[in-house]
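Structure assessment
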Amino acid sequence: QVHLVESGGGFVQPGGSLRLSCAASGSIFSISTMGWYRQASGKQREVVAIITNAGITSVVDSVKGRFTISRDNAKNMVFLQMNSLQPEDTAVYYCNAVGATTSRLRIDVWGQGTQVTVSS
């Protein structure tokens, strides 16, 4: 099994910053893509940013220039640096990883989510 654990969420005023972290553990053979998604109250989950094991990134237009995704392949971790946060960024943020276990079984796993609240 593979598990993801997020950390770093919290409450911040508009214009503030937060850094989310996600660590994957378990029977990991490889992780190809890691990403961050978010789900605001009453809305569907949406992708925020993804990064491949080669470091290629993709970020949704609404957060470009404010959010940066990065990754530590050696530690199976992914990060999301969020700057200039706005109230519309308020959501539960989820980490996702796609890869394979040591038994070569494909995995597509999610973390439990971490709440980010932006409010004055």
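This report concerns the structure included in the present document. Treat the numbers as computed from the prediction; the structure is a model and nothing was measured. (Residues numbered from 1 in each chain as written. Predicted model: local features only at pLDDT ≥ 70, side-chain atom pairs only at ≥ 80, totals over all residues. Heavy atoms only, no water.)

1. Re the overall build of the protein
From N to C terminus, the protein includes 0 helices and 11 strands. Counting from the amino terminus, helix and strand elements in the protein follow one another as β-β-β-β-β-β-β-β-β-β-β. Relative to its length of 120 residues, the protein is compact, with a C-alpha radius of gyration of 14 Å against a globular reference of 14 Å. With respect to the three principal axes, the spread of C-alpha positions in the protein is 50 × 25 × 20 Å. Pairs at least 24 residues apart make up 56% of the contacts formed inside the protein by residues separated by at least 6 positions. Working note: accessible area of the protein is about 6300 Å², and carbon and sulfur atoms make up 49% of it. Averaging the locations of the 10 positively and 7 negatively charged side chains of the protein gives two centres separated by 5 Å. (Helix = DSSP H or I, 4+ residues; strand = E, 2+ residues; numbered from the N terminus. Rg over C-alpha atoms; globule rule 2.2 N^0.38 Å. Contact = heavy atoms within 4.5 Å. Areas by Shrake-Rupley, 256 points an atom, 1.4 Å probe, with all protein chains shown as cover. Lys, Arg positive; Asp, Glu negative; His and termini not counted. Charge placed at Lys NZ, Arg CZ, Asp CG, Glu CD.)

2. Re the nonpolar core
Grouped together as the largest cluster of nonpolar side chains are 30 residues, with contacts concentrated most on Trp36, Leu80, Met82 and Tyr93. Setting aside chain neighbours within four positions, we find tyrosine 93 in contact with Glu6, Leu20, Trp36, Tyr37, Arg38, Val48, Phe67, Leu80, Met82, Gly113, Thr114 and Val116. (Core = buried A, V, L, I, M, F, W, Y, C linked by side-chain atoms within 4.5 Å. Buried < 20%, exposed > 50% of the residue type's maximum accessible area, 1.4 Å probe, protein only.)

3. Thoughts on the pairing of strand β4 (residues 28–39)
Bridge analysis of β4 against strand β9 (residues 91–101) gives 10 bridges, and the strand direction is antiparallel. Note on β9: the bridge partner recorded for methionine 34 is alanine 97. Pairing between β4 and strand β5 (residues 46–52): 6 bridges, direction antiparallel. Bridge pairing in β5 places tyrosine 37 opposite valine 47. Linking β4 to β5, which pair antiparallel, is a turn of 6 residues; within it glycine 42 sits at a positive phi near 80 degrees. (Pairing = 2+ DSSP bridges.)

4. Some points on the pattern of salt bridges
In this structure the tally under the stated criterion is 4 salt bridges. As a salt-bridge pair, aspartate 89 and arginine 38 come within 3.0 Å of each other at their nearest N and O atoms. Here arginine 38 lies in strand β4 and aspartate 89 lies in the loop between β8 (77–82) and β9, a separation of 51 residues in the sequence. For aspartate 61, the salt bridge is made with lysine 64, and the minimal N-O distance between the two is 3.1 Å. Residue classification places aspartate 61 among the exposed residues on the basis of a relative accessible area of 62%. Residues joined by salt bridges that share partners form a network here, namely Arg38, Glu46, Arg66 and Asp89. (Salt bridge = Lys/Arg side-chain N within 4 Å of Asp/Glu carboxyl O.)

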